[in-house]
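Observations on the three-dimensional arrangement
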Amino acid sequence: MADKFYITTPLYYVNASPHIGHSYTCIAADTLARHMRHVIGEKNVWFLTGTDEHGQKIQKAADAQGLSPLVFADNTVGQFKKLWEVLNISYNDFIRTTEDRHKRVVARVLDILYKKGDIYQDTYQGWYCTPCETFWIESQLSEGKCPDCKRPVEKISETNYFFKLSKYQDWLVEHIKNNPDFIKPASRYEEVSRFLELNKLSDLCISRPRERLGWGIPLPFSPEHVTYVWFDALINYISAVGDFNDEGKYISRWWPADIQLMGKDILRQHAVYWPIMLRALDIAPPKLIFAHGWWMMGESKMSKSLGNVVSPIEMAHKYGTDPYRYFLLRDVPFGLDGNFSEESIIKRYNSDLANDLGNLVFRTLTMIEKYFSGNVPVMQDQHLSAQGKLIKEKLLNIEQMVISSLNVCGFSQALEEVWSLINMANKYVEDTKPWNLAKENKTEELKTFIALLAKVIRQVGKTSACFMPKTAEAIFGQIGEATINKSGPLFPRIDTK
RNA sequence: CGCGGGGUGGAGCAGCCUGGUAGCUCGCAAGGCUCAUAACCUUGAGGUCAACGGUUCAAAUCCGUUCCCCGCAACCA
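Remember, it's a predicted structure, so these values are computed and weren't measured experimentally. (Residues numbered from 1 in each chain as written. Chains lettered and ligands numbered in written order. Predicted model: local features only at pLDDT ≥ 70, side-chain atom pairs only at ≥ 80, totals over all residues. Heavy atoms only, no water.)

1. Overview of the overall build of chain A
The cut-off we apply is this: Strands are runs of DSSP state E lasting at least 2 residues, helices are runs of H or I lasting at least 4, and numbering of each runs from the N terminus. Contact criterion: two residues are considered in contact whenever any of their non-hydrogen atoms come within 4.5 Å of each other. Under the convention used here, a 1.4 Å probe and the Shrake-Rupley method define accessible areas, while residue burial counts only the protein chains that appear. Neither His nor the chain ends contribute to the count of charged residues, in which Lys and Arg are positive and Asp and Glu negative. The atom standing in for a charge is NZ when the residue is Lys, CZ when it is Arg, CG when it is Asp and CD when it is Glu.
Tallying secondary structure elements over chain A gives 17 helices and 18 strands in all. Considered along the principal axes of its C-alpha atoms, chain A spans approximately 95 × 50 × 40 Å. Within chain A, residue pairs in contact and separated by at least 24 positions form 75% of the contacts whose partners lie at least 6 positions apart. Total accessible area on chain A is roughly 22,100 Å²; 50% of this is exposed by carbon and sulfur atoms. Side-chain charges of chain A comprise 59 positive and 59 negative groups, with the mean position of each set lying 3 Å from the other.

2. Section: unusual backbone geometry
Note the following rule: For each residue, the accessible area found with a 1.4 Å probe, counting protein chains only, is set against the maximum for its type, and the residue is called buried under 20%, exposed over 50%, and partly exposed in between.
Of note, the amide linkage connecting Lys184 to Pro185 takes the cis form, showing an omega dihedral of -10 degrees. Topologically, Pro185 is positioned in the loop between strand 7 (183-184) and helix 6 (186-198). Of note, the amide linkage connecting Trp255 to Pro256 takes the cis form, showing an omega dihedral of 5 degrees. Position of Pro256 relative to the elements: it lies in the loop between strand 13 (250-252) and strand 14 (259-263). Non-glycine residue Lys433 carries a positive phi angle of around 50 degrees. A residue is classified by how much of its surface remains accessible, and Lys433, at 38% relative accessible area, is partly exposed.

3. Observations regarding the nonpolar core
As a rule of thumb, nonpolar side chains are buried together in soluble globular proteins. The condition is simple: Among buried residues, those of type Ala, Val, Leu, Ile, Met, Phe, Trp, Tyr and Cys that are joined through side-chain atoms within 4.5 Å constitute a nonpolar core. Note that domain bounds follow an automatic or database assignment of domains.
Within the largest apolar cluster, 99 residues are counted, with the highest numbers of intra-cluster contacts made by Ile7, Trp84, Phe340, Leu357, Phe411, Trp419 and Phe467. Among the elements that make up this core, the one with the highest residue count is helix 12 (residues 342-372) (12 residues). Shared between two domains, this core holds at least three residues of each, these being domain 1 (5-292) and domain 2 (343-478). Apart from residues no more than four positions distant in its own chain, Trp84 is found in contact with Tyr12, His22, Ser23, Cys26, Thr49, Ile89, Tyr91 and Phe94.

4. Describing the protein's contact with RNA strand B
Our working definition: Note on definitions. A residue lies near a molecule or strand when any single heavy atom of the residue is within 4 Å of it. N or O atoms within 3.5 Å of each other form a polar contact, as long as, within protein, one can give a hydrogen and the other can take it, and as long as residues adjacent in sequence are counted only when both atoms are side-chain atoms. In this count, Pro and Cys sit with the nonpolar residues alongside Ala, Val, Leu, Ile, Met, Phe, Trp and Tyr, while Asp, Glu, Lys and Arg are called charged and the others, Gly among them, polar.
Looking at RNA strand B, there are 47 residues lining it, with His22, Gly263, Lys347, Gly358 and Asn359 nearest. Close to the protein, within 4 Å, the atoms of RNA strand B belong to sugar or phosphate groups at a rate of 66%. The contact in question runs from a base nitrogen of RNA strand B to an N or O atom on the side chain of Arg363, over 2.7 Å. When contributions to the surface near RNA strand B are tallied by element, the ones reaching two or more residues are strand 1 (5-13), helix 1 (20-40), strand 14, helix 12 and helix 14 (411-432). Broken down by element, the surface near RNA strand B gets its largest block of residues, 13 residues, from helix 12. For the surface near RNA strand B, the residue count by class is 21 nonpolar, 14 polar and 12 charged.

5. So, the sheet that holds strand 9 (residues 207-209)
Basically, it comes down to this: Strand pairing follows a simple DSSP-based rule, namely that at least 2 bridges must link the two strands.
Within the open sheet, the three strands sit side by side as 9-11-10. Their pairing is antiparallel. Of all the strands in the sheet, just strand 9 and strand 10 (218-219) have a single pairing partner and so form its edges. Pairing analysis gives three bridges linking strand 9 to strand 11 (residues 222-227), with the strands arranged antiparallel. Its bridge partner being in strand 11, Arg208 is matched across the sheet by Val226.

Nothing here speaks to function; it is geometry throughout.
In structure tokens:
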């Protein structure tokens, strides 16, 4: 087992409010971070998230509201931070690309790569759409016009700086081949490998002329240019947790990242550009790049123009933070696309949380109250039935099952494991018929039976704590080692009729 | 011949890599039970695994062909 665990989400672009996709990535990362804190200790885990704030989109959006880009970004950052608070996201650090610590490292990176000769200048022809303030290359035009607004474009020549991606293509192909677990899920690994085998990478344009775009980090060797947003943003993963020494060597307690999570849409940047940038800097690549799927809204994907963007904060308020977290991680295997609907949330809520888990806790508490006046009895193995022994066994290895599932980001799998224990327990009640034991005064059997149930519930709380932190607390609050403190049902059923 | 994903009981999916009684969740029906949030437990109905052809003793699973659905400028999880 690793002695440290560094996990990142992408830096979310602040041009719009957070949606469920953002919340999905952070909830997944948070769950892994909480899990690992439990496994290897709080001090050995670092969970980074943050915001990406430069670039033309931001500048335009800010202009539209008559705000400075930074003030505009501040507003959106506030929304993200508020959301993470509501969703119980336990990040250790929140980095903004507008912070000095980041800008300094970006400048350093540019400087190192420039001196090394991996960044070069080039002048090329292209087309400019003045109303859109956008530069297009020939192949992007639509019938010779601006693909956005369909207006005529103007031919211009521009000088920019390029990063030598192509120089490192062979290395990357090799690295990927030698590290079959570098990119997950496997289908994405195939996708990237094939892409790299079939295509010759072109060098990456990493600058924008300042006269056209002021909102960015200036190139240290050419103040007339600012850095392209992706080049800027990716560097956050190292700028947040380390720095370069005088010799240009990167020093960090946390790097390389153990897992970098992202949506499938930005896999290319993370699986191709990013490792190559690191390679050029003589920094180790991340250990694992995991691209998860998208949440679709019924038949179509979520988009602003379709007006089907769902607010995660609204969902969390309506159904509760933990049910929302649970739903996202349970309903769809991580890596695949899912269908988002309130109906499916309600379904999961009622059947898994209210009926299975909530009811198990509630009925157990009632029995402890009724049969033992609120004192949790002590278990005596000799009074354990065969079924009880099986459950006890499951109790012992459930933690290991959850760990091995989470080791490969198998969130839904891990939860299925926990729920199989819950289902066993519910059946155990049914089969044991404690009400008969009570009538027949088989007190010892009854004690052991109840004691085992209490253990099951506490174990469920323990193993699901990383998914549903508040629920785990509530469970421990209600069923202590020796006494109980019964309050209402954990998850009151949602009546849909 | 652009690329990728997919077509499995009413719904959503797993199984396919490493062929061998078609499985899970939800829904539905009947029954059981009473500790419980009309919750829990059991049983049942329901599928020619998109179609056709091939390989094989044996195919949802491998091979080929066809049909259908979804996504594929940029930005975005």
